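The lines below spell out each chain.
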Amino acid sequence: MSSKLDIFFLLVFIGCFVAFYNTRDGKMYAGIVQSVADKGGLRRRSRTTADNMGESNGEDDEEMGDENGGSEASEEEDYKEREVEMDATTKELLGIQKRLEEQLREDQDQQLVLNAELDYLRNRFKNGVMDVIKEQIKKEQFIDESPEGLKESEDFENELIAHMQTWTSTVDDVNRIAGGGRLETDSAELLKLAEDHVHWENRELKLMLKDVKLRTTETITGKMEDSPLWISEAERNNDKNEEKSSKKNDQKSAANVTNSKMYNTIRKTENKVMNYNAGSSDKKQVAVILGEKGYINRDFAVYNSVFTKNKFQIIKKKLNPATNEAHMSTKQMSSDSWTVVICLALNTDHCFTSAGMGSTSRSQRINRLQGLRAVLWDKHNFCNTLQQGVQGDPRFTDFTFLCWHFPKHYPEAKEYAKEHPDESFIVKPLTMGGGMGISVVDGEKGLAKVRKHTHLVQTYLANPHLINNRKWDMRTYVLLTSTHPLRVYFYHRGIVRFASKEYDPNAKKGGKKSQFLTNTSVNKHYTKKGNVTEITWSFANLKDYFDKDWEMNKDKPDTKSISYEELLHRIERAISIVFLSAEQEWKRYYDGRRGPLNPEVKYCSNCYQIMGVDLIVDANNHARVIEVNGQPSMALSKDSKDHYSVTKYSMINDYVKMIFNPIKVAKILEDDLSSLDNQELVSSLKQSDMEYLLDYRREKEYQGGWRSVYPNDRHEDLHSQFLDLHKVTQQRRRVHDILMALEKKGFANSDESGDEDSATTTTVTTK
């Protein structure tokens, strides 16, 4: 006992020392240490092993973590709960120490990046922006060397000079920030400002070059997208009128020519640009599985079974004994010897680098989305993304919960609590999962008690929909196959999770954890031998419940009952708003980090990721998203044939069949597009749009149990309103309109019946 106590206080000392060494973040770390010190009974703490993955909020609440809510007046269970709380605090402290060390290294790296970006920006203008652009244009043969061509080039140069005047003021701003303003600005904010300026300047250069290309090349339909700069506005309007007249006079002939050129472009994109070779008989499909030891051990069985069944060769990377990680180098990532990389870890850098991700070919797939933590996975970033996305608009606010990042946003939360005195709040630590460290506080006084701690605070749902007087929520599985434009699905099977004790709506602070938490890692301790099937349902069970309730109550006046299918539509709407919000944030994430020093940051068209998205339903049967988990547990229950295991197996199997569908769809897509009424809209598509639509069409050929969240014409009004709120680009809106037209035509609709009973149960081996 004495040695454990010594270890604990040694860790406290190390954490305090590192925290106050970094004076910039001293207040935040002091608050963290204070939150640890506020918890009593630390002398009975025990140290868990390094393989217990409770050091991050990526820990899945189905299989990891341990909490006890206590039973009625049981001292033994209260003691157990206290022990678990102490274990959680120790793990939290160890995690803090590790993150502090990482933060110090990141701060140093960020300063180097800042200095390099500033030097690059100055040198760009010192060497002459005009010379750089001219050389690049000549290199790509965009300038006509004839007298007329040189005159046109000179006009273009004059336009660039006008832009340079704006850029010069940008450089002055950056120099000012890098100089005397440094002491008045937080270093992180300074870095962000500098990155923004550099990105803006770099983006403008690309836009100007792109403008030149557009004026000298054809679109996918073979028609000039715009007239050159030196043609007058009147001449442009005349050209447009002539084009419209020509279309009316010979519509059929024009359509045939357009469709022929479109098909050729689509086919070339599929064969050459995308280099599509999935399902090729002369090349073995290879799945490489790597990551952190604990997560590989947890999830390997189901991935190995499913990919082997689908005729993939499995390569399980060897662990580095020093780090307990299996990693791929950039050279290995750039090799064409593999088809898909399966990263099983909390952070992508435990599997490969961002440069490695950028070195892959278009036909290879990676089960990781760059920036997921910065956009959705980390709790405070999830909160920020929703605030930026929803923007307080009442059309979208009811799909999730209000949230605040403490202590930064405590004043806003306090003001809200004053205006809503009967409101309760759920408090979650940022770095833990599995229900650990979660509490409920009541009103403004409750918030004041946690105001100095680093937490995520959300409004607490006081009126949940109850089944058998117990609170429940849903773990849904969401597959994201494109971040921008968005393409996202959710699986028709899922897991319904119940609290083990009856809910008490009048209980202070939510009552016992076994009453207000639905995490299986908490409630499995109240089952026989920890059998999770006793506290979970399949979606088939939920369907029976809702449909029976609907049949009994649908004719009653003012009924709140809904059918199961209507519930699924509400789930789709809630998930879609979260991920449309994420699309806007992902665009900012990629655009803000793309630059001369990190050109590998890009929209990863060959990346995808499965996420666990938790939702809860209120008494009015409205579904709300609680949070997003980027590494949901794929661990199976003790019985590999029960709904808990079969849900995960069938979900992985259907995503493999959809993502790696070998069919070529260029001709199918061409037929779909050529049948749309608005051919002018189709003719505006760019090559990147065609790549997106090819993937979209291929995925639709086999969806299995995956239901489309976006695009989905059932929710067109909601999605259009959201895109209008964010004033998306004209090209993004065109893609949206084409997707809605395709969905309405029914070309892309697959069987989404989601019949639970139709799925085949397959035993998953654990070798």
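What you see is a predicted model; the values in this text were computed from it and never measured.

What counts, and at which threshold
Residue numbers here run from 1 along each chain, matching the order of that chain's written sequence. Residue-level local features of this predicted model are given only where pLDDT is at least 70; pairs of side-chain atoms are given and counted only at 80 or more, and the full residue set underlies all totals for whole chains, interfaces and linings. For side-chain calculations, the full set of non-hydrogen atoms in the structure is used, while hydrogens and water are omitted. Starting at the N terminus, helices and strands are each numbered in turn, a helix being any DSSP run of H or I of at least four residues and a strand any DSSP run of E of at least two. The contact rule is simple, with two residues in contact once any of their heavy atoms fall within 4.5 Å. We call a pair of cysteine sulfur atoms a disulfide when they lie within 2.5 Å. Any residue under 20% of the maximum accessible area for its type is buried, any over 50% is exposed, and the rest in between are partly exposed; the area is computed with a 1.4 Å probe on protein chains only. In this description, a nonpolar core means a group of buried Ala, Val, Leu, Ile, Met, Phe, Trp, Tyr and Cys residues linked to one another through side-chain atoms lying within 4.5 Å. Pairs of strands are assigned from DSSP output, requiring at least two bridges between the strands. Fitted lines through C-alpha atoms give the axes, limited to the stretch in contact for helices. The angle between two N-to-C directions lies from 0 to 180 degrees. In predicted models, pLDDT denotes the confidence assigned by the predictor to each residue on a 0 to 100 scale. To estimate the expected span of a helix, subtract one from its residue number and multiply by 1.5 Å. The term salt bridge refers to a side-chain nitrogen of Lys or Arg lying within 4 Å of a carboxyl oxygen of Asp or Glu.

Asker: Help me understand the environment of phenylalanine 401 in this model?
Answerer: Inspection of the secondary structure puts phenylalanine 401 in the loop between α13 (379-390) and β6 (403-406). As for phenylalanine 401 and glutamine 387, which are separated by 14 residues in sequence, their C-alpha atoms are 9.9 Å apart. Apart from residues no more than four positions distant in its own chain, phenylalanine 401 is found in contact with Gln458, Thr459, Leu461, Ile616, Arg624, Val625 and Ile626.

Asker: When you look at the state of the cysteines in this model, what are you seeing that I'm missing?
Answerer: By definition, a disulfide links the sulfur atoms of two cysteines through a covalent bond. Applying the stated criterion across every chain yields a total of 3 disulfides. Through a disulfide, cysteine 604 is tied to cysteine 607; the S-S separation comes to 1.7 Å. Torsion about the S-S bond of the cysteine 604 and cysteine 607 cystine: about 60°, corresponding to right-handed handedness. Across this residue pair, the class does not change: cysteine 604 and cysteine 607 are buried. Described in terms of the sequence order of its bonded cysteines, the disulfide pattern of the protein is 1-2, 3-4, 5-6.

Asker: Before we go on, may I ask you to explain the side chain of asparagine 606 in this structure?
Answerer: Within the secondary structure, asparagine 606 is located in the loop between α19 (564-593) and β15 (609-617). We classify asparagine 606 as buried; its relative accessible area is 6%.

Asker: For this particular structure, what's the right way to read the nonpolar core?
Answerer: Across soluble globular proteins, nonpolar side chains have a tendency to be buried as a group. With 119 residues, the main nonpolar core has Phe579, Tyr655 and Leu673 as its most contacted residues. With 14 residues, α19 is the largest single contributor of residues to this core. Residues contacting tyrosine 655, with those up to four places away along its chain left out, are Tyr303, Phe307, Ile342, Leu479, Tyr608, Ile610 and Trp706. Counting 12 residues, the second-largest nonpolar core is a separate cluster that includes Tyr410, Val441, Leu447 and Val457.

Asker: Would you mind showing me how to read the sheet that holds β6 here?
Answerer: As a general point, the strands of a sheet are linked pairwise by backbone hydrogen bonds and lie either parallel or antiparallel. Strand order in the open sheet made by the 4 strands is β6-β9-β7-β8, with antiparallel pairing throughout. This sheet does not close on itself; its edge strands, each paired only once, are β6 and β8 (439-442). Here the average twist between neighbouring strands, direction ignored, is 30°. Here 4 bridges tie strand β7 (residues 424-429) to β8, and the two strands are oriented antiparallel to one another. Bridge pairing in β8 links valine 427 to serine 439. The strands touched by helix α14 (residues 410-419) are β6, β7 and β9 (455-459); relative to β6, the strand with the most contacts, the crossing angle is about 135°.

Asker: Would you explain the confidence of the model for the protein in this entry?
Answerer: In low-pLDDT segments, the atomic positions of the prediction should not be examined closely. Per-residue confidence for the protein gives a mean pLDDT of 75, with 59% of residues at or over 70. Long-range and interchain partners of residues 139-144, a stretch whose pLDDT sits below 50, account for 10 contacts in this model, where long-range means more than four residues apart. pLDDT under 50 marks residues 180-186. Its contacts with residues more than four places away, or in other chains, come to 7 contacts.

Asker: For this particular structure, what's the right way to read helix α23 (residues 687-701)?
Answerer: Because each turn of an α-helix spans 3.6 residues, side chains separated by three or four positions in sequence point in the same direction. The terminal C-alpha atoms of α23 lie 21 Å apart, and with 15 residues this matches the ideal 21 Å at 1.5 Å per residue to within 8%. Where burial is concerned, most of α23 is hidden: 12 out of the 15 residues are buried. For α23, every residue scored as buried is listed here: Asp689, Met690, Glu691, Tyr692, Leu693, Leu694, Asp695, Tyr696, Arg697, Arg698, Glu699 and Lys700.

Asker: Would you mind showing me how to read α13 here?
Answerer: Across its 12 residues, α13 extends 16 Å between first and last C-alpha, which sits within 8% of the 16 Å expected from 1.5 Å per residue. Downstream of α13 by a residue or two, glutamine 391 has a phi angle that is positive, lying close to 55°.

Asker: Please explain unusual backbone geometry as it appears in this structure.
Answerer: Note on backbone geometry: most residues besides glycine have negative phi, and most peptide bonds are trans. Note the cis peptide between phenylalanine 406 and proline 407, where omega equals 0°. Between tyrosine 710 and the following residue, proline 711, the backbone shows a cis peptide bond with an omega angle of 5°. Along the polypeptide, proline 711 turns up in the loop between β17 (706-710) and α24 (716-725). Phi at glutamine 391 is positive, roughly 55°, even though this residue is not glycine. Locating glutamine 391 in the fold gives a position in the loop between α13 and β6. The residue lysine 727 is not glycine, and still its phi comes out positive at about 50°. With respect to the element layout, lysine 727 can be found in the loop between α24 and α25 (730-745).

Asker: What is the right way to look at the pattern of salt bridges in this model?
Answerer: Any two side chains of opposite charge can pair, so long as their charged atoms come close to each other. For the structure on display, the rule yields 29 salt bridges. The salt bridge partner of arginine 570 is glutamate 566, with a shortest N-O separation of 3.0 Å. Placement of the pair is arginine 570 and glutamate 566 together in helix α19, with a separation of 4 residues, close to one helical turn. Counted as one network, the salt bridges with shared partners bring together Glu270, Arg362, Glu691, Asp695 and Arg698.

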